[in-house]
Structures are given as C-alpha cells and as structure tokens.
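In case you want the letters, here they are:
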Amino acid sequence: MKKQSKKVKKELTIEQKISRRNFISFTSFAVLAVGAFEGWRWLYKSPQEITGITGGTRKPLRRALNKTEIFFRRTVFSENHLVKTYPKSMAAKHVRVNSDIGVEASKKFDPAAWKLVVNKKAGEVLQVTLQDLMALPKTEIVYDFKCVEGWDQISHWAGVKFSDFIKHYQLDDYAKMQFVGMETPDKAYYVGIDMPSAMHPQTLLAYEMNDKLLPLEHGAPLRLIIPVKYGIKNLKRIGTISFSDTRPRDYWAEDGYDYYSGL
Ligand SMILES: Nc1nc2c(c(=O)[nH]1)N[C@H]1C(S)=C(S)[C@@H](COP(=O)(O)O)O[C@H]1N2
Ligand SMILES: [Mo]
C-alpha cells in the first residue's frame, strides 16, 4: 500500500505539481490574511484607554508600551549607569532653542521675583529662591542632549543635583513616592518623571549654561536637566514641584508620546 502511494506521487505530471503548489500557497496566503484581518479587528474593537495622562490608544497597545517601559526600567536603567559625558571644550557655544511653551518671550515674567514652589502634604508649601539653590553644592555636566525630533547637541549645564536638593530640604519621605511632577509657573508646560530617573546622579535643577546664568529662552531661572531622558522631559522654567504615587500630567504624553521617554 505504502509503496503504491509513493509510486502515484512520482507519477504526478508537471502541471499537477504546479497546480498543487499554487493551491498550497494560495491557501496559506488566505489563512494568513484572515488571521491578520482578525488580529486587526480584535485590536480595532478593543477598548480605547481613557484619555488623560497618556494619549488615548487601544488598551492592548498601551499594555505593550507599558511592558516595554518596564523592560527598559529593569534592564537599561540603573542608578550606576551614567550617561556619557564630554570635555567642556566640546560643548556647543550656540545652543539651539527648541520650543517655548510656557516660556514665550511675549509673556511677562520677572526672574527676580521667581521662587521655586514645592508642594508638600496637606497643602504645605516650601518656597526656595535661586540664591538658596546657588548656596548648595554645584554640579556640572557636559552631555549629548537629545530631542525626539531628531537633533542632538553636546551642551554644558550646571546646578544642584535633584538628589542633593531632596536631601538638603529633607524631602526624603517625598522621594519615596513614585513620581515627581514639574510645571512652568503659568502651568502651560508640565512633565511627569519617575522617581528613579529624578534621583539619578546626573539629574540637575540647572541654573547655568556655559558658565553663565540661564538665558530666558533656555528656561531661566531654573530648568530640569535630566540626561537619562529625551529633551521633552527637560522642563524649562520650573515653577512648581510635586510628588505623587500616580503619574503626574505630562504635556507630550497627553499627545501620545511615550510617557517614560527614557534613553
Ligand atoms: N517650558 C518648556 N520646556 C521645554 C519645552 C517647552 O516647549 N517649554 N520643550 C522641550 C523640548 S521638546 C526640548 S527638545 C528642550 C529644548 O531645550 P532648549 O530649547 O534649551 O534646547 O526643552 C524642553 N523643555
Ligand atoms: Mo524636543
């Protein structure tokens, strides 16, 4: 019996072989196509996440994004993993100004009257002047600043390490929370940062660029310099700092950009 069927196979004509192959490939293609369509329909029909902190995508996609974030946080991110630094001589003399939400030149702003507002529990508020910050240990960094829009530039910043600021103002209990939120004084631009990235040894509350006080367009009197994140998280002109265990609102995440935006 076996032998006979083998014999039959061998006797298939060229035409038969071709039509059999055609049949196999068309059927597999059809099966794949139906599969792809069903997959798409599943995604299309799955519920939209609630727009709010993040930009509104299908829930399964957000689950995937969140998993990518967890993967990055566990593998790439580490307190001991430092972003590459450069000699000062390599820092750009003409630093690019990217966008100016909340720091528009047309907006009235008096840097001399500015104070950093730290929101504590039960409505308690801590106010810090630039002089207070300048009295704390100063840390400098020269690194490659990267914008998601596709440019990067080696730049030189100086200020107070966020972790030194936390220690000095005895905010250690707040630093045990999961997130820091920072907003411009007019609340037009705002970012949410996971605590490990905020407490990273290269994260600065920066008041200087190229050895001079920050120009207004770069975020005077104080901006966030967070080398483990893309430019979008490096908020210019910090007005308030808050702490929370839920994700603070984030300007670009609301538009669908990656909330974590790590490098
Ligand atoms: N207040 C405020 N901060 C901001 C922005 C902004 O529009 N407003 N843009 C962000 C983006 S997208 C980038 S790339 C950097 C650019 O910083 P720079 O203008 O000092 O180069 O600032 C970030 N911080
Ligand atoms: Mo950017």
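Residues numbered from 1 in each chain as written. Chains lettered and ligands numbered in written order. Predicted model: local features only at pLDDT ≥ 70, side-chain atom pairs only at ≥ 80, totals over all residues. Heavy atoms only, no water.

Colleague: Just to check I follow, could you spell out the pattern of salt bridges for this structure?
Modeller: In this structure the tally under the stated criterion is 11 salt bridges. Measuring nitrogen to oxygen at the nearest pair gives 3.2 Å for the salt bridge that ties Lys88 to Glu140. Taken together, the positions of Lys88 in the loop between α3 (59–75) and β1 (116–119) and Glu140 in strand β3 (residues 139–146) put the pair 52 residues apart, joining distant regions of the chain. We note a salt bridge from Asp194 to Lys229, for which the minimum N-O separation is 2.8 Å. One end of the pair, Asp194, is in strand β6 (residues 190–194); the other, Lys229, is in the loop between β9 (223–225) and β10 (240–244), and 35 residues separate them in sequence. Comparing Asp194 with Lys229, the two get one shared label, buried. One salt-bridge network, held together by shared partners, links Glu104, Lys107 and Asp186. (Salt bridge = Lys/Arg side-chain N within 4 Å of Asp/Glu carboxyl O. Helix = DSSP H or I, 4+ residues; strand = E, 2+ residues; numbered from the N terminus. Buried < 20%, exposed > 50% of the residue type's maximum accessible area, 1.4 Å probe, protein only.)

Colleague: Which parts of the structure should I look at to understand the sheet that holds strand β5 (residues 179–183)?
Modeller: Sheet strands pair by backbone hydrogen bonding; their relative direction is either parallel or antiparallel. Across the sheet, five strands lie side by side as β2-β1-β10-β5-β6; this open sheet has mixed pairing. Among the strands making up the open sheet, the edge pair consists of β2 (125–128) and β6. Between one strand axis and the next, the sheet turns through 20° on average, direction left out of account. By the bridge criterion, five bridges tie β5 to β6 in an arrangement that is antiparallel. Its bridge partner lying in β6, Glu183 is registered against Tyr190. (Pairing = 2+ DSSP bridges. Axes fitted to C-alpha atoms, helices over the stretch in contact; angles between N-to-C directions.)

The values reported here are purely geometric and, on their own, carry no functional implication.
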